[in-house]
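A closer look at the structure
What follows is each chain in one-letter form.
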Amino acid sequence: MIIAVDGPTASGKGTIAKALAAHFGLPHLDTGLLYRAVGRQVALAGGNPDDSAAALTACAFPDALLDDPELRSETTGGLASRVSVHPAVRQALFERQRAFATQPGGAVLDGRDIGTVIAPEAEVKLFVVASVPARAERRFKEMQAQGRAVALAEIAADLAARDERDRTRAEAPLFAAPDAVLLDTSDLGRDAAIEAAIAIASQACNRD
Ligand code: C5P
């Protein structure tokens, strides 16, 4: 069984995807981390994330980079959003994601284009959304917990800019697959969001 969890940043999709993987006993891939690694690698190499050739070269990042805590920062998130517009980058990361999705037994993947491009055949497709203020608040608390000082208004502006870039890019823009179930987590706590997602997935695949 393939479970695709898509949605904008800080919508809760990562938490939901991890919980679904644990519930159904499936491996999980956070595909945003791959784009973040490419963005970080470009920065480390002193390259320009808006340059397609530099971004493509960065797709050969070492696997150890996936453990770099800096990957979770807002700065790297912004770089990821910029490198992800290049078709060559999306193509370079496609096989890795596709192989993970189609492994025997199935998998849970979260990202932006899992249900539309990477695994359109997924049995379960969730599109997780939340309002910008709700997402900014969550990100703000996460940052505070990590001891990073960022202004709430700055986070909200950054989220809105990334949403816009993800939605309007020519290649694999962020949108819900027609057969995806929409889950709005704006007013849901962590546990309630997970419970709702498990219910949707169980119904879609007729098991629990
Ligand atoms: O989900 P996360 O915030 O970690 O993703 C970082 C960036 O990577 C996103 O803003 C998006 O531009 C890009 N991304 C993508 N396709 C995916 C996952 C992430 O374009 N499947």
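Residues numbered from 1 in each chain as written. Predicted model: local features only at pLDDT ≥ 70, side-chain atom pairs only at ≥ 80, totals over all residues. Heavy atoms only, no water.

1. Some details on the pattern of salt bridges
Per the counting criterion, the structure on display carries 15 salt bridges. One salt bridge in this structure joins Asp50 and Arg82, with 2.8 Å as the shortest N-O distance. Of this pair, Asp50 sits in the loop between α2 (31–44) and α3 (52–58) while Arg82 is found in helix α4 (residues 74–83), placing the two residues 32 residues apart along the sequence. The exposure class assigned to Asp50 is partly exposed, which follows from its relative accessible area of 45%. A relative accessible area of 28% places Arg82 in the partly exposed class. We note a salt bridge from Arg98 to Glu121, for which the minimum N-O separation is 2.9 Å. Here Glu121 lies in the loop between α6 (114–118) and β4 (124–129) and Arg98 lies in helix α5 (residues 87–101), a separation of 23 residues in the sequence. We classify Arg98 as partly exposed; its relative accessible area is 24%. Given a relative accessible area of 41%, Glu121 falls into the partly exposed group. (Salt bridge = Lys/Arg side-chain N within 4 Å of Asp/Glu carboxyl O. Helix = DSSP H or I, 4+ residues; strand = E, 2+ residues; numbered from the N terminus. Buried < 20%, exposed > 50% of the residue type's maximum accessible area, 1.4 Å probe, protein only.)

2. Topic: the side chain of Lys13
Among the secondary structure elements, Lys13 is positioned in helix α1 (residues 13–24). Buried and without a salt bridge, Lys13 has Asp110 as its closest oppositely charged side chain, separated by 4.5 Å. (Lys, Arg positive; Asp, Glu negative; His and termini not counted.)

3. Observations regarding the sheet that holds strand β3 (residues 107–111)
Strands in a sheet are paired, the pairing made by backbone hydrogen bonds, and the direction either parallel or antiparallel. On the basis of which strands lie adjacent, the open sheet formed by five strands has the order β2-β3-β1-β4-β5 and parallel pairing. Every other strand in the sheet has two partners, leaving β2 (28–30) and β5 (181–184) as the edge strands with one partner each. Strand-to-strand twist of the sheet, defined as the mean angle between neighbouring strand axes without regard to direction, takes the value 20 degrees. Here β2 runs beside β3; their pairing, made up of three bridges, is parallel. Its bridge partner being in β3, Asp30 is matched across the sheet by Asp110. (Pairing = 2+ DSSP bridges. Axes fitted to C-alpha atoms, helices over the stretch in contact; angles between N-to-C directions.)

4. A short note on the pairing of strand β1 (residues 2–6)
With respect to burial, β1 is a largely interior element, five of its five residues being buried. Along β1, one buried face is formed by Ile2, Ala4 and Asp6 and the opposite face, lined by Ile3 and Val5, is buried too. Of the strand pairs in this sheet, β1 and β3 are connected by five bridges, and their pairing is parallel. In the strand pairing of β3, Val5 is matched with Asp110.

5. Looking at the site of the ligand
With respect to spatial proximity, 16 residues lie near the ligand, and among them Arg36, Arg90, Arg112, Arg162 and Asp166 are the closest. Arg36 has a polar side-chain atom sitting 2.6 Å from an oxygen atom of the ligand. Side-chain polar atom of Arg162 to an oxygen atom of the ligand: 2.7 Å apart, as the coordinates give it. Using a 2 Å cut-off from the grid points, one finds that the ligand occupies the largest pocket. Going through the elements one at a time, α2, α4 and α8 (152–168) are the ones with two or more residues in the shell around the ligand. For the shell around the ligand, the element with the most residues is α2, which contributes four residues. In terms of residue class, the shell around the ligand is made up of two nonpolar, six polar and eight charged. (Near = heavy atom within 4 Å. Polar contact = N/O pair within 3.5 Å; in protein donor to acceptor, adjacent residues only side chain to side chain. 1 Å grid on protein atoms, 1.4 Å probe; cavity = no way out; pocket = protein on both sides within 12 Å on 5 of 7 lines; lining within 4 Å. Sits in = over half its atoms within 2 Å of the grid points. Nonpolar A, V, L, I, M, F, W, Y, C, P; charged D, E, K, R; others polar.)

6. Considerations on the nonpolar core
If you look at the biggest cluster of nonpolar residues, it comprises 27 residues, and the most contacted ones within it are Val38, Phe61, Val89, Leu93, Leu109, Ile114 and Ala119. Among the secondary structure elements, those contributing two or more residues to this core are β1, α2, α3, α4, α5, β3 and α6. When residues in this core are grouped by element, the largest group, six residues, is from α2. If we ignore the near neighbours within four places in the chain, the residues touching Ala119 are Ile2, Arg98, Ala101, Ile114 and Lys125. Counting residues in hydrophobic clusters, the runner-up holds 22 residues, among them Val5, Ile16, Ala193 and Ala201. (Core = buried A, V, L, I, M, F, W, Y, C linked by side-chain atoms within 4.5 Å. Contact = heavy atoms within 4.5 Å.)

7. Brief notes about the pairing of β4
Taking burial as the measure, the six residues of β4 include six buried ones, the bulk of the element. By the alternation rule, side chains of β4 split into Val124, Leu126 and Val128 and Lys125, Phe127 and Val129, which are all buried. Sheet topology places β1 next to β4; four bridges connect them, and they run parallel. From the neighbouring strand, Ala4 faces β4, where its bridge partner is Lys125. Strand direction decides the pairing type here: β4 and β5, joined by four bridges, are parallel. Bridge pairing in β5 links Leu126 to Val181.

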